[in-house]
Structures are given as C-alpha cells and as structure tokens.
Amino acid sequence: DAGITQSPRHKVTETGTPVTLRCHQTENHRYMYWYRQDPGHGLRLIHYSYGVKDTDKGEVSDGYSVSRSKTEDFLLTLESATSSQTSVYFCAISETALTGTSGNTIYFGEGSWLTVV
Amino acid sequence: GENVEQHPSTLSVQEGDSAVIKCTYSDSASNYFPWYKQELGKGPQLIIDIRSNVGEKKDQRIAVTLNKTAKHFSLHITETQPEDSAVYFCAAVNNAGNMLTFGGGTRLMVKP
C-alpha cells in the first residue's frame, strides 16, 4: 500500500465551523490531490498540488482551500462547513503528472468521513 | 472537460462466470485509463491501467481493452470469485495529466 495517512478518519462538525483535513505521505511524491466521493457523483477532484506551495483548483473547488508547505503534507480546509460538504474525502498521490505513454500512477488513501450537522 | 460514462451501474454474476464493465470517454486527447476497486469503507485500489499506446493489457484474471477510435475501454474479469465483489471505477486522465475523471462506478456482486 502507498504510504498515505489521512486524519482525522471520521469527524462530525457543526455548520459554520472551520474544518481541516490532513494528508501525510511517506513516498516523496510530487503530486497530491484531494477528491470527494458522493453517491451518484463518483469521485470528483477538489484541489491538487504539483509541488510545495504550488496548488490548483479542480472541478469542485468552491468552499475549499488547500495548502502545501512541505512535500509530505497536503491540507484541505473548509473555512465554514456546510451540510453540502458532508462527504467522504480521499487524498491521493502520484510521483509525476499522469499524462504520456509512460507516466505515473495515482494512489489513494483510506478516506476521511466528514459529517456536517 | 472530460466526461466518463460507465455501465452497468450494478452487475450480478455467478461465481466462476465472467464480468465485463464498459466505459466511454469524451476527450480524444486522453491517454491514460486506470481501473480501481473499492471495498466498503476503504479507499480505491488500483487494479489495472492501460495507456493509449496499447490496445489490451492482462494481469492474471483481469484484462483491460482500449479502443481509441471509438473512445471506449472495458474491464474483463474471468473466473469471478466472491472476493471480487466490490465497486469498480474506471477513469480517464485529462490532456494536461493533472486530473482523473471517474465514471460513476459499477457494483459487482459475485454469488457463491
């Protein structure tokens, strides 16, 4: 298994409170990603990082921010949690970009279950 | 952007039978297509992937085929076993190589 640790694994929080999810990797991979998984929508990319302090938006980035101050850590922050952000959040990593005929592969962590009440 | 459609959404087979899951994609520039297996309460696990420079790849009981002209790719599982029961996702990478777009998933049930 890829060395990815997500914390917390489960969290219940109230609407309007800030929440930070942490992803820690031991593989020294350059790329890190945050996805959310919801019934009927599969997995959707929130934000990704292509290096320390280098991040970009995915397809569902509204209401989320990220930070990457070290290669091994990628933080996802919900500034003011809403019920629509109740979801399972997955961190993923890849050594390089995924394109090309010999590019690299993306591996997922075990997920963080977030409930906003 | 990329759009990936996956069928069927549920699939029930008898142990020992074959299972086939199909996906189509919209971006003709996509060139990497992984398949993931997800068990309840766990993260997606890569089971096989294929790149655009090959048409077929096999790993024991699992095979993937790719038709770039038709923009579709398929997962084939032979001699299914109860432990193959899970949700399977196909995905395609965008041209920039920074985002995977996933299909909606297929719940495979293998009956003993």
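J.: Run through the overall build of chain B, naming residues and quoting values.
T.: A tally of regular secondary structure across chain B gives zero helices and 11 strands. Reading chain B from its N terminus to its C terminus gives the helix and strand order β-β-β-β-β-β-β-β-β-β-β. Taking 112 residues into account, the globule formula puts the C-alpha radius of gyration at 13 Å, and chain B, at 13 Å, falls close to it. Each principal axis of the C-alpha distribution contributes one length, and for chain B these read about 40 × 30 × 20 Å.

J.: For the packing of aromatic side chains, give the residues involved together with the corresponding values.
T.: Counted according to the given criterion, the structure contains 16 aromatic pairs over all chains. Through a chain of ring-to-ring contacts, the aromatic side chains of Tyr31(A), Tyr33(A), Tyr35(A), Tyr48(A), Tyr50(A), Phe108(A), Tyr36(B), Phe89(B) and Phe102(B) assemble into a single cluster.

J.: Describe in detail the side chain of His29(A), supporting the description with residues and values.
T.: Along the chain, the position of His29(A) falls in the loop between strand 3 (19-25) and strand 4 (31-38). Residue His29(A) is classed as buried on the basis of its relative accessible area of 10%.

J.: Which residues make up the sheet that holds strand 6 (residues 56-59) of chain B, and what values go with them?
T.: Residue and element names in this part refer to chain B. Strands sit in the order 1-3-8-7-6 across an open sheet of five strands; the sheet is antiparallel. Either end of the sheet is taken by a strand with one partner, and the two such strands are strand 1 (4-7) and strand 6. In this sheet, adjacent strand axes meet at a mean angle of 15 degrees when their direction is disregarded. Pairing between strand 6 and strand 7 (residues 62-67): four bridges, direction antiparallel.

J.: Residues and numbers for the interface of chain A and chain B, please.
T.: Residue-level contacts link 26 residues of chain A with 24 residues of chain B. Both sides together, the interface formed by chain A and chain B hides about 2000 Å², and carbon and sulfur atoms give 53% of it. For the pair chain A and chain B, the interface holds zero salt bridges. Where chain A meets chain B, there are three residue pairs in polar contact (both at pLDDT 80 or more). Broken down by secondary-structure element, the contributors of at least two residues to the side of chain A that touches chain B are strand 4, strand 5 (42-51) and strand 10 (106-108) of chain A. When residues of the side of chain A that touches chain B are assigned to their parent elements, the largest contribution, four residues, is made by strand 5 of chain A.

J.: So what's going on with the environment of Thr71(A)? Residues and values would help.
T.: All names here are of chain A. Here Thr71 lies in the loop between strand 7 (64-70) and strand 8 (73-78). For Thr71, a relative accessible area of 27% gives the class partly exposed. Along the backbone, Thr71 and Asn28 are 43 residues apart, and their C-alpha atoms lie at a distance of 6.5 Å.

J.: Can you tell me about the state of the cysteines, naming the residues and giving the values?
T.: Per the counting criterion, the structure on display carries two disulfides over all chains. With its sulfur 1.9 Å from that of its partner, Cys23(A) forms a disulfide with Cys91(A). Its S-S torsion of about -70 degrees marks the bond between Cys23(A) and Cys91(A) as left-handed, since a negative value means left-handed. Taken as a pair, Cys23(A) in strand 3 and Cys91(A) in strand 9 (residues 87-94) lie far apart in primary sequence, 68 residues in all. Cys91(A) matches Cys23(A) in its accessibility class, with the two residues each being buried. Here Cys23(B) pairs with Cys90(B) through a disulfide, and the sulfurs are 1.9 Å apart. Residues Cys23(B) and Cys90(B) share a disulfide whose torsion about the S-S bond is about -100 degrees; that sign makes it left-handed. One end of the pair, Cys23(B), is in strand 3 (residues 19-25); the other, Cys90(B), is in strand 9 (residues 86-93), and 67 residues separate them in sequence.

J.: Could you give an account of the pairing of strand 7 of chain A, naming the residues involved and the relevant values?
T.: All names here are of chain A. As paired strands, strand 7 and strand 8 are joined by five bridges and run antiparallel to one another. The residue of strand 8 that forms the bridge with Val66 is Leu76. Remark: two residues form the turn of the hairpin made by strand 7 and strand 8, two consecutive strands paired antiparallel.

J.: An account of the sheet that holds strand 7 of chain A is needed here, citing residue identities and associated values.
T.: Residue and element names in this part refer to chain A. Taking strand neighbours across the sheet as the criterion, the four strands line up as 1-3-8-7 in an open arrangement whose pairing is antiparallel. The open sheet terminates on both sides in strands that have one partner only, identified here as strand 1 (4-7) and strand 7. Each strand axis lies, on average, 20 degrees off the axis of its neighbour in the sheet, ignoring direction. Of the pairings in the sheet, the one linking strand 1 to strand 3 comprises four bridges and is antiparallel in character.

What counts and what doesn't
- Residues numbered from 1 in each chain as written.
- Chains lettered and ligands numbered in written order.
- Predicted model: local features only at pLDDT ≥ 70, side-chain atom pairs only at ≥ 80, totals over all residues.
- Heavy atoms only, no water.
- Helix = DSSP H or I, 4+ residues; strand = E, 2+ residues; numbered from the N terminus.
- Rg over C-alpha atoms; globule rule 2.2 N^0.38 Å.
- Phe/Tyr/Trp six-rings, centres within 6.5 Å; stacked < 30°, edge-to-face > 60°.
- Buried < 20%, exposed > 50% of the residue type's maximum accessible area, 1.4 Å probe, protein only.
- Pairing = 2+ DSSP bridges.
- Axes fitted to C-alpha atoms, helices over the stretch in contact; angles between N-to-C directions.
- Contact = heavy atoms within 4.5 Å.
- Buried area = accessible area lost by both parts, 1.4 Å probe.
- Salt bridge = Lys/Arg side-chain N within 4 Å of Asp/Glu carboxyl O.
- Polar contact = N/O pair within 3.5 Å; in protein donor to acceptor, adjacent residues only side chain to side chain.
- Disulfide = S-S within 2.5 Å.

Function cannot be read off these values alone, since they describe shape.
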